[in-house]
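Working through the structure, step by step
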There are 2 protein chains.
Amino acid sequence: MKAFKVGVLGATGAVGREMIKILAERDFPVAELHPLASARSAGKVIQFKGQDVVLEEARDEAFQGLDLVFGAAENDIAERFAPAIKAAGCVFVDNSSAFRLDPDVPLVVPEINPGDVKKHHGIIANPNCVTVIACTAVNALNAISPIRSIVASSYQAVSGAGANGPKELMAEVAALAKGEDCAPKVFARQIAYNVIPQIGGAQYAGYTSEEMKLLNEGRKIMHLPDLKVDCTCVRVPVIRSHSVSMVVRTAKKISVAEARRAIAAAPGVKLVDDLDSMEYPTPLDTSDQDLVFVGRIREDLVNDDGLNLWCCGDQIRKGAATNAVQIAELVVRDL
Amino acid sequence: MKAFKVGVLGATGAVGREMIKILAERDFPVAELHPLASARSAGKVIQFKGQDVVLEEARDEAFQGLDLVFGAAENDIAERFAPAIKAAGCVFVDNSSAFRLDPDVPLVVPEINPGDVKKHHGIIANPNCVTVIACTAVNALNAISPIRSIVASSYQAVSGAGANGPKELMAEVAALAKGEDCAPKVFARQIAYNVIPQIGGAQYAGYTSEEMKLLNEGRKIMHLPDLKVDCTCVRVPVIRSHSVSMVVRTAKKISVAEARRAIAAAPGVKLVDDLDSMEYPTPLDTSDQDLVFVGRIREDLVNDDGLNLWCCGDQIRKGAATNAVQIAELVVRDL
């Protein structure tokens, strides 16, 4: 089997580290791994499949000779290096939001729109974490009847803010246990024993940037240009795995039984739905896994054409790193 | 001013203790306080306005000679003693859910339906905590144009499960810090660093008892017999103050500016709504207070007649004890 020279841009962050772990786990055909980071981290050694690999400084020249680059950095870094990555002839599978809505850039969840991968011109975008989780959860419904609208309220883990999120939560818990005050830096407020109804900055009509992603990215991934979405994104003191409470309305009514059957049979999701036995997904049960877990499926009591449901998924894995590696698996089939 | 002989049934629980504190704080005209609890607690001494008061055993005879009894116990205890309380000629302001939907029992939030107090036949019910908080938040909208539907997802504090809720959360946090396992008893799962999408048992069409309260009690409090509600109730690792993410649709469209003005002017609520300045309510900011705080008011992007908003309120105070004392203040005006 052909193997590929693979770069990971932003290799020291939470998502970059997870990408490297998942490349090994899924036995992605890696001929050479090039973890790229800031000059500060260059020269440090990480492990990949039992081998030492040296972190390299991310510079335009670093992409020469590579086949595939995973982006696990912020938008500015992704934008800074995208031209060099394209010029080097690599395929750039980018997790930042910089290119997601660019019409020349496919935005892909492999269980939903794998065919879009083929339309790339050097860049393929990995969607927002809540968007991956929510869309994977409801894709089986969309296959039965087109989704018209989604009302979503999220319960997002602190690791969604990067590796410093869990550090801040645990530092606050420790400080409070000693009777000391908290000094939030990563989050706008104390997150220990609190929830914060803001993720991202104000973007549109009182919605945050994070809240608009499920609308804008959901339309593109599910090929639903008229999809309507109300989203409220809330940070909660959970380490890992995002949860979403959703009301999903479809063109034709889908029964609860039909929804359960379809979701149970769909790829990438697992149905955990028996309220009488207290069976439903929680963030803890679904952390460090690749599936999106769906439960609490029930009739919408407001709209005749709706369903209520609850889903959880590990936003670092399926919401970011695993989804990116799955995209790369589709890319290399054709290389 | 006339003063009253006041009983508190369930005086040792989280709500009962808060009721006694609030009776003092609001200088309710108490001639005698009779805290009533199980035989196990009888004889213990508590403080009320700087005086020692002895806990009495709750027995049918204990209500003789009292004017007013606050119920802060579970349904079975409320049902057990209601006949004796009525027979003794007391007014029973009960926080359990036992009588809330009884057509002979007013269900009152004093800012919303104070006039209903007069219709009582010995029992006045205090609504569910999420229902008080959510209805108080949106009452000003209902006054502009009748609310047709509410989609709500809650973020409920552990103290909503009684005094053992916070104990279990803190014990789990301490155990995890020492590398030990958690053994949940109060909650169905570990609540530390987790969220649990179930409060109450399965009741109707896959909804829990807690989730049906906003529908059934909301209709009665707001005099909206046709109100439709989708509710998802979720326990979060917060000590105190419940939060609710809501989409509210009204008969006629209400603009964001109109909603802000109305909520800012309404009794019992405080508008905290400036996303650009990161001003919105959180549970921590709103704990141990009597107001319901509302923010994140914005256009509903799914429905032309809707608004999205976020509210927080202390469920032990406004969601339970304060609301009960406010009801009693209306009652004693007429005694």
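Thresholds applied
Residues numbered from 1 in each chain as written. Chains lettered and ligands numbered in written order. Predicted model: local features only at pLDDT ≥ 70, side-chain atom pairs only at ≥ 80, totals over all residues. Heavy atoms only, no water. Pairing = 2+ DSSP bridges. Helix = DSSP H or I, 4+ residues; strand = E, 2+ residues; numbered from the N terminus. Axes fitted to C-alpha atoms, helices over the stretch in contact; angles between N-to-C directions. Phe/Tyr/Trp six-rings, centres within 6.5 Å; stacked < 30°, edge-to-face > 60°. Buried < 20%, exposed > 50% of the residue type's maximum accessible area, 1.4 Å probe, protein only. pLDDT = per-residue confidence, 0-100. Left-handed = near helix turned anticlockwise from the far one by under 90°. Contact = heavy atoms within 4.5 Å. Nonpolar A, V, L, I, M, F, W, Y, C, P; charged D, E, K, R; others polar. Polar contact = N/O pair within 3.5 Å; in protein donor to acceptor, adjacent residues only side chain to side chain. Buried area = accessible area lost by both parts, 1.4 Å probe. Salt bridge = Lys/Arg side-chain N within 4 Å of Asp/Glu carboxyl O. Parallel < 35°, antiparallel > 145°, perpendicular 65-115°, else oblique. Least-squares fit on C-alpha atoms with pLDDT ≥ 70 in both.

1. Topic: the sheet that holds strand 13 (residues 242–250) of chain B
Residues and elements named next belong to chain B. Strand order in the open sheet made by the 6 strands is 12-9-13-16-15-14, with mixed pairing throughout. For this open sheet the edge positions go to strand 12 (228–232) and strand 14 (269–271), each flanked by a neighbour on one side alone. Adjacent strand axes in the sheet meet at a mean angle of 25°, parallel and antiparallel pairs treated alike. In this structure, strand 13 lies alongside strand 16 (residues 306–313), joined through 8 bridges in antiparallel fashion. By the bridge assignment for strand 16, Val-248 is matched with Leu-307.

2. Describing the packing of aromatic side chains
All names here are of chain A. Scanning all chains against the criterion turns up 7 aromatic pairs over all chains. When the ring of Phe-28 is compared with that of Phe-70, the centres are 6.4 Å apart and the planes differ by 75°; the resulting orientation is edge-to-face. Of this pair, Phe-28 sits in the loop between helix 1 (14–25) and strand 2 (30–37) while Phe-70 sits in strand 6 (residues 68–71), and the two are 42 residues apart along the sequence. Classification of Phe-70 as buried rests on a relative accessible area of 0%.

3. A closer look at the confidence of the model for chain A
Of all residues in chain A, 100% attain a pLDDT of 70 or more, and the chain-wide mean is 97. Scoring the predicted complex yields pTM 0.97 and, for the interface, ipTM 0.96.

4. Describing the packing of helix 3 (residues 129–144) of chain B against helix 6 (residues 256–265) of chain B
Residue and element names in this part refer to chain B. Across the interface, helix 3 lies against helix 6 with an axial gap of 9 Å and an inter-helix angle of 115°. Our pair here, helix 3 against helix 6, has a crossing hand that is right-handed. Facing helix 3, whose interface residues are Ala-137, Ala-140, Leu-141 and Ile-144, helix 6 presents Glu-258, Ala-259, Ala-262 and Ile-263. The residue inventory of the contact of helix 3 with helix 6, partitioned by class, reads 7 nonpolar, no polar and 1 charged.

5. Looking at the side chain of Gln-190 of chain B
With respect to the helices, strands and loops of the structure, Gln-190 of chain B is situated in the loop between helix 4 (164–177) and strand 10 (202–204). A polar contact of 2.8 Å, which involves the side chain of Gln-190 of chain B, links it to the backbone oxygen of Ala-192 of chain B. The residues touching Gln-190 of chain B, leaving out its near neighbours within four places in the chain, are Leu-284 of chain A together with Glu-172, Leu-176, Cys-182, Pro-184 and Ile-196 of chain B.

6. Things to note about the interface of chain B and chain A
Between chain B and chain A, the contact holds 61 residues from the first and 61 residues from the second. Interface area for chain B against chain A, summed over the two sides, is near 5,000 Å², with a carbon-plus-sulfur share of 58%. For the pair chain B and chain A, the interface holds 6 salt bridges. Of the charged contacts, one joins Asp-285 of chain B and Arg-189 of chain A as a salt bridge, the two residues approaching to 2.6 Å between their closest N and O atoms. At the junction of chain B and chain A, the tally comes to 32 residue pairs in polar contact (both at pLDDT 80 or more). Top element by residues in the side of chain B that touches chain A is strand 9 (residues 147–155) of chain B. It accounts for 6 residues. Looking at the side of chain B that touches chain A, its residues break down into 35 nonpolar, 14 polar and 12 charged.

7. Remarks on the pairing of strand 15 (residues 292–299) of chain B
Residues and elements named next belong to chain B. Taken across its 8 residues, strand 15 has 7 buried, putting it largely inside the fold. Here strand 14 pairs with strand 15 via 3 bridges, running parallel. Residue pairing in the sheet places Leu-271 in a bridge with Val-294 of strand 15. Across 6 bridges, the pairing between strand 15 and strand 16 is antiparallel. Within strand 16, the position partnered with Arg-298 by the bridge is Asn-308. Once strand 15 ends, the chain turns through 6 residues before running back antiparallel as strand 16.

8. Focus: the pattern of salt bridges
Residues and elements named next belong to chain A. Counted according to the given criterion, the structure contains 50 salt bridges over all chains. The shortest N-O distance in the salt bridge between Asp-305 and Arg-249 comes to 2.7 Å. With Asp-305 in the loop between strand 15 (292–299) and strand 16 (306–313) and Arg-249 in strand 13 (residues 242–250), this residue pair connects regions lying 56 residues apart in the sequence. With relative accessibility at 23%, the residue Asp-305 sits in the partly exposed group. Taken together, the salt bridges that share partners define one network made up of Glu-18, Lys-21, Glu-25, Arg-240, Asp-288, Asp-290, Asp-314 and Arg-317.

9. Here's the deal with the sheet that holds strand 2 of chain A
All names here are of chain A. The strand order 5-2-1-6-7-8 describes an open sheet built from 6 strands, whose pairing is parallel. The sheet is open, and its two borders are formed by strand 5 (56–57) and strand 8 (123–125), each paired with just one other strand. Here strand 1 (residues 4–9) pairs with strand 6 via 4 bridges, running parallel. Looking across to strand 6, one finds that Val-8 is bridged to Phe-70.

10. Structural notes on the packing of helix 3 of chain B against helix 5 (residues 209–221) of chain B
Residues and elements named next belong to chain B. Across the interface, helix 3 lies against helix 5 with an axial gap of 9 Å and an inter-helix angle of 50°. It follows that helix 3 is oblique to helix 5 by the angle criterion. In the crossing of helix 3 with helix 5, the sense of the turn from one axis to the other is right-handed. Where helix 3 approaches helix 5, its residues Cys-129, Val-130, Thr-131, Ala-134 and Cys-135 are matched on the opposing element by Glu-210, Lys-213, Leu-214, Glu-217, Gly-218 and Ile-221. Residues of the contact of helix 3 with helix 5, tallied by class, amount to 6 nonpolar, 2 polar and 3 charged.

11. Looking at the environment of Gly-268 of chain A
Residues and elements named next belong to chain A. By secondary structure assignment, the location of Gly-268 is in the loop between helix 6 (256–265) and strand 14 (269–271). Residue Gly-268 is classed as buried on the basis of its relative accessible area, which comes to 14%. The spacing of Gly-268 and Ala-72 is 196 residues in sequence and 22 Å in space, taken between C-alpha atoms. In contact with Gly-268, not counting residues within four places along its chain, are Glu-111, Thr-136, Leu-291 and Val-292.

12. Things to note about the environment of Lys-178 of chain B
Structurally, Lys-178 of chain B is set in the loop between helix 4 and strand 10. Along the backbone, Lys-178 of chain B and Phe-293 of chain B are 115 residues apart, and their C-alpha atoms lie at a distance of 37 Å.

13. Concerning the relation of the copies chain B and chain A
It takes a turn of 180° to lay chain B on chain A, together with a shift of 0.0 Å along the axis; the resulting RMSD is 0.0 Å. Expressed as an axis order, the relation between the two copies is that of a two-fold axis. Most of the interface of chain B is mirrored in chain A, where 100% of its interface residues again form contacts.

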